[in-house]
Amino acid sequence: MVELFRDLEDYGHEQVAFFQDKDTGLKAIIGIHSTVLGPSLGGCRMWPYKSEGEALRDVLRLSRGMTYKASLAGLDLGGGKAVIIGDARKDKTEALMKAFGRSVEWLGGRYITAEDVGMKEADIDTVRTQTKYAVGGSNEGGSGDPSCFTALGVFQGLKAAVKAAGLGEDLQGMRVAVQGVGNVGYHLCSLLSAAGAKLLVTDIYEAQLEKVRDEFGATIVTPDVIYDTECEVFSPCALGAILNRETIPKLKCRVVAGAANNQLENESDGNELMKRNIIYAPDYAINSGGVINVACELEGYNRELVLTRVNKIGHTIANILAMAKREGIAPHIAADRLAEERLNEKKGNGSQRQVVTA
Ligand code: NAD
């Protein structure tokens, strides 16, 4: 317990709530990092975590990331996230989703849930039978799968980073190595291909790879060689913590710009990229298209408005990279400062920190 509070203090969370339901087997943790800018919003991840500690760390990191993401995206929303411990393919039932929905409802609107890994639109629809605090479903004005908006934002941010690296504005013939061609990676490949980029792709699922090869003429590389692949841009669209002590020395790119959350294993890895003269587009700044899309549901969904907002991600990345250059700091630090500026303005005298369990 002592360590739990130390972690919460380090991450700066307002509230962390634990939910269990014996009948359905629900074991969920909801992390509310900040409600300074508004109610916290963030997806629910269902994953077979090896330990409860691993699940807790994940929810703490992810929910803090959402605070920064919403702040930089100019949303009047805070940062939150939920994790459910379990294998989505085996353990997910309608009853379990309903129990999760009741847990969200108990927080009275301080946390709004959405999809993340292991959750689908239909699950959000089930959750919504128990609470109105859920977005990204297919019913009642739901905006559905956000990954094409995430991909559009990444595409705009990638172009801004390429320009900042002195590689020009035209992606024609530019080599982009995409790690993970799932929901976001696939849509990103489509946009990059239309812009004339040369795609080098990897995934652990053959079917996904064949699809992007057949549709976009992508060259397939194996997962272990993606880091060593000669390219102008490396685009991580699969896992977190892939920029680390082992992988950074291997990179043969000028820019890292992709959708994955928590790409830097440690803060110091952002500095290592800078030392290697590799421009890094901070993950939570470039991948905010999805949250911008679902957040729009709260004010009445308007696709045109979403597209306008998502297209601004290019400017956000350009601003971050310009600030980093001006101040001689790594881009992830510049992004944190810009996000914190808005939070501090709103916070005034600081927010209350509270931890409850349920
Ligand atoms: P997804 O599960 O649809 O796609 C991920 C792909 O990565 C899968 O095809 C998977 O097979 C592949 N993969 C897994 N391990 C791999 C490995 N070791 N090497 C190569 N490929 C591997 O997920 P997604 O929705 O496309 O999200 C991708 C990333 O973007 C995730 O980190 C997610 O958190 C982040 N993200 C997604 C959204 C969104 O709108 N979906 C929004 C913000 C951030």
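Keep in mind that this is a model prediction, so the values were computed, not measured.

Caption draft 1: Representation of the overall build of the protein chain. The helix and strand inventory of the protein chain stands at 14 helices and 11 strands. Projected onto the principal axes, the alpha-carbon positions of the protein chain cover approximately 55 × 45 × 40 Å. The contacts of the protein chain with a sequence gap of at least 6 include a subset with a gap of at least 24, amounting to 65%. Here the protein chain has roughly 16100 Å² of accessible surface; of this, 48% comes from carbon and sulfur atoms. Within the protein chain, one finds 41 positive and 47 negative side-chain charges whose respective centroids are separated by 2 Å.

Caption draft 2: Focus on the pattern of salt bridges. This model, assessed by the stated rule, comprises 16 salt bridges. For Arg-45, the salt bridge goes to Asp-58, with nearest N and O atoms at 3.5 Å. Of the two residues, Arg-45 sits in strand 3 (residues 40–47) while Asp-58 sits in helix 2 (residues 52–72), which places them 13 residues apart along the sequence. Residue class for Asp-58 comes out buried when judged on its relative accessible area of 16%. The shortest N-O distance in the salt bridge between Asp-116 and Arg-45 comes to 2.6 Å. Taken as a pair, Asp-116 in the loop between strand 5 (111–115) and helix 5 (121–127) and Arg-45 in strand 3 lie far apart in primary sequence, 71 residues in all.

Caption draft 3: Inspection of helix 9 (residues 267–275) at higher detail. Regarding helix 9, the residues found buried are Asp-269, Gly-270 and Leu-273. Along helix 9, the residues classed as buried sweep out an arc of 110° about the axis, all on the same side. Looking at the packing, one finds that the buried side of helix 9 touches strand 10 (255–256), strand 11 (279–280) and helix 14 (331–347). Of the residues flanking the end of helix 9, it is Asn-277, one or two places downstream, whose phi is positive at about 60°.

Caption draft 4: The pairing of strand 7 (residues 198–202), seen in detail. Counting buried positions over the five residues of strand 7 gives four, a clear majority of the element. Pairing between strand 6 (residues 175–179) and strand 7: five bridges, direction parallel. Directly across from Val-176, in strand 7, lies its bridge partner Leu-199. The β-α-β motif built from strand 6, the intervening helix 7 (residues 183–194) and the parallel element strand 7 has right-handed crossover chirality. For strand 7 and strand 8 (residues 219–220), the ladder comprises two bridges, and the chain directions are parallel.

Caption draft 5: Main features of unusual backbone geometry. The residue Asn-262 is not glycine, and still its phi comes out positive at about 50°. Note that Asn-262 resides in the loop between strand 10 and helix 9. The backbone phi angle of Asn-277 is positive, close to 60°, even though this residue is not glycine. Note on Asn-277: relative accessible area 58%, which makes it exposed.

Caption draft 6: Main features of the environment of Leu-37. When you line up the elements, Leu-37 lands in the loop between strand 2 (26–34) and strand 3. Taking the C-alpha atoms as reference, Leu-37 lies 5.0 Å from Leu-77; in sequence the two are 40 residues apart. Among all residues touching Leu-37, those that are not within four sequence positions of it are Ser-71, Leu-75, Asp-76, Leu-77, Gly-78, Arg-342, Leu-343 and Lys-346.

Caption draft 7: Representation of the sheet that holds strand 11. Overall, parallel pairing links the six strands, which are arranged 8-7-6-9-10-11 in an open sheet. This sheet does not close on itself; its edge strands, each paired only once, are strand 8 and strand 11.

Caption draft 8: Inspection of the site of the ligand at higher detail. Around the ligand lies a shell of 20 residues, among which Thr-150, Asn-183, Val-184, Asp-203 and Ala-238 are the nearest. Taking Asp-203, its side chain carries an N or O atom lying 2.6 Å from an oxygen atom of the ligand. At a separation of 2.9 Å, an oxygen atom of the ligand approaches a polar backbone atom of Ala-238. Alone, the ligand offers 830 Å² of accessible surface; in the complex the protein occludes 79% of this. Among the secondary structure elements, those contributing two or more residues to the shell around the ligand are helix 6 (147–164) and helix 7. Of the residues that constitute the shell around the ligand, the class distribution is nine nonpolar, eight polar and three charged.

Caption draft 9: Structural context of the sheet that holds strand 1 (residues 15–21). What the five strands build is an open sheet, ordered 1-2-4-3-5; its pairing is mixed. The sheet terminates laterally at strand 1 and strand 5, the two strands that pair on one side only. Along the sheet, successive strands turn relative to each other by an average axial angle of 25°, direction set aside. Two elements, strand 3 and strand 4 (residues 78–85), share six bridges in a ladder whose sense is parallel. Bridging across to strand 4, Leu-41 finds its partner in Gly-79.

What counts as what
Residues numbered from 1 in each chain as written. Predicted model: local features only at pLDDT ≥ 70, side-chain atom pairs only at ≥ 80, totals over all residues. Heavy atoms only, no water. Helix = DSSP H or I, 4+ residues; strand = E, 2+ residues; numbered from the N terminus. Contact = heavy atoms within 4.5 Å. Areas by Shrake-Rupley, 256 points an atom, 1.4 Å probe, with all protein chains shown as cover. Lys, Arg positive; Asp, Glu negative; His and termini not counted. Charge placed at Lys NZ, Arg CZ, Asp CG, Glu CD. Salt bridge = Lys/Arg side-chain N within 4 Å of Asp/Glu carboxyl O. Buried < 20%, exposed > 50% of the residue type's maximum accessible area, 1.4 Å probe, protein only. Arc of directions from axis to C-beta. Pairing = 2+ DSSP bridges. Right-handed = clockwise from strand over helix to strand, strands pointing away. Near = heavy atom within 4 Å. Polar contact = N/O pair within 3.5 Å; in protein donor to acceptor, adjacent residues only side chain to side chain. Nonpolar A, V, L, I, M, F, W, Y, C, P; charged D, E, K, R; others polar. Axes fitted to C-alpha atoms, helices over the stretch in contact; angles between N-to-C directions.

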